Amino acid sequence: MVQRIREVLLFMLLALFSKGTATIAKPNCSNKARLTPPRAVDSFAYCLSWRLAVETNNVRAWRTVPIQCLHQIESYMIGGQYERDVKLIVDEILIYASGIVVAGDGMDAWVFDVDDTCISNVFYYKGKRYGCDPYDPLAFKAWATKGECPAVPGVIGVFNKLIEMGFKVFLVTGRDEETFLQPTADNLHNQGFQGYERLILRSAAYKGQSAVSYKSAIRKQLESERYRIWGNVGDQWSDLQGECLGNRTFKLPNPMYFVP
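Residues numbered from 1 in each chain as written. Predicted model: local features only at pLDDT ≥ 70, side-chain atom pairs only at ≥ 80, totals over all residues. Heavy atoms only, no water.

Looking now at the packing of aromatic side chains. As enumerated under the stated definition, the model contains 16 aromatic pairs in all. Pairing Y124 with Y125 gives two aromatic rings, centres 5.0 Å apart and planes at 90°, and the pair type is edge-to-face. Its relative accessible area of 7% is what places Y125 among the buried residues. Measuring from centroid to centroid gives 5.0 Å for Y125 and Y257, while their planes differ by 15°, and the two rings are stacked. Placement of Y125 in helix α6 (residues 122-126) and of Y257 in the segment after β5 (248-251) is noted, with a sequence separation of 132 residues between them. Within the aromatic cluster, the residues linked to one another by ring pairs are Y124, Y125, Y135, F140, W143 and Y257. Here R51 stacks its cationic end above the ring of Y76, 3.9 Å away from the centre of that ring. Over the ring of Y214 we find R202; its NZ or CZ atom is 4.6 Å from the centre of that ring. (Phe/Tyr/Trp six-rings, centres within 6.5 Å; stacked < 30°, edge-to-face > 60°. Buried < 20%, exposed > 50% of the residue type's maximum accessible area, 1.4 Å probe, protein only. Helix = DSSP H or I, 4+ residues; strand = E, 2+ residues; numbered from the N terminus. Lys NZ or Arg CZ within 6 Å of the ring centre and 35° of its normal.)

To continue, consider the environment of G246. Mapped onto the elements, G246 comes out in the loop between β4 (228-234) and β5. On the basis of relative accessibility, which here comes to 33%, the residue G246 falls in the partly exposed class. Along the backbone, G246 and E223 are 23 residues apart, and their C-alpha atoms lie at a distance of 9.3 Å.

Moving on, we get to helix α8 (residues 155-164). Looking only at α8, the buried set comprises V155, V158, F159 and L162. With its buried residues spanning 105° around the axis, α8 presents them on a single face. Check the buried side of α8 and you find it contacts α5 (81-98), β1 (108-112) and β2 (168-176). Directly beyond the C-terminal end of α8, a positive phi value near 105° is found at G166. (Arc of directions from axis to C-beta. Contact = heavy atoms within 4.5 Å.)

What follows is about the sheet that holds β4. Two strands in a sheet stick together by hydrogen bonds in their backbones, pointing the same way (parallel) or opposite ways (antiparallel). Strand order in this open sheet of five strands is β3-β2-β1-β4-β5, and the pairing throughout is parallel. Since the sheet does not close on itself, it has two edges, and those belong to β3 (198-202) and β5, each with one partner. Across the sheet, the mean angle from the axis of one strand to that of its neighbour is 20°, orientation sign disregarded. Two elements, β4 and β5, share four bridges in a ladder whose sense is parallel. Paired with G234 across the strands is K251, a residue of β5. (Pairing = 2+ DSSP bridges. Axes fitted to C-alpha atoms, helices over the stretch in contact; angles between N-to-C directions.)

Geometric values such as these leave the question of function open.
This is the structure:
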């Protein structure tokens with residue numbers, strides 16, 4: 001009798017163990033998120049935070065995009081979100097500009113940066129893993145002298161609209177005047193940037209200066225000529241810092257490189 005009881009108890013324990021094992025092994029669609037490797041989730045979240053910190057100028061003087069953010073930055077730049085972000089900023093520029101009463105004396109002005117503000121280097125940076133590789137001055141020189149940069153989507157429209165409204169538009173770039181003047185002017189012309197007041201490149205007098213110092217000096221010169229700078233547009237914080245910034249600044253997104 002005792003032996004029989006032991007057999008029954010053993011059978012019940014085996015049955016319970018088998019049921020528990022089957023429950024654990026059974027796939028559960030509701031747990032799909034748990035199957036994602038934690039490192040992948042952490043990396044994606046980190047890269048979103050890193051890009052936000054870059055655009056808000058909380059991460060500064062960074063040399064390269066973190067390697068774990070390569071695919072996230074690539075997706076941002078060519079997947080449609082970059083264009084949507086630029087469009088929103090362009091719309092804000094137009095809303096602001098439409099509220100300005102242009103004096104009609106030819107002295108109401110806007111300042112635009114060139115690289116990745118008017119014309120895009122995204123195809124160049126694709127070959128540099130969207131900024132994960134260090135800056136290569138010789139490679140960029142070879143790219144820029146080709147004059148094949150496409151227009152930044154949406155910017156050509158606001159550029160033309162500002163000129164139509166009576167503003168004088170100045171294009172100010174850190175590109176070296178001696179090396180890049182003609183290819184830059186040709187590139188801009190071919191992409192539809194025509195009718196601007198002046199294209200200003202970095203002359204020998206400003207070599208060695210930071211972008212902030214150089215562009216501040218150019219804007220100060222414009223103001224000394226009695227121009228009223230109503231707006232200042234750039235993709236780098238160094239385009240929008242320093243002196244004589246104008247009445248309002250607008251920053252376009254650029255998570256691929258940092259210009260001090």
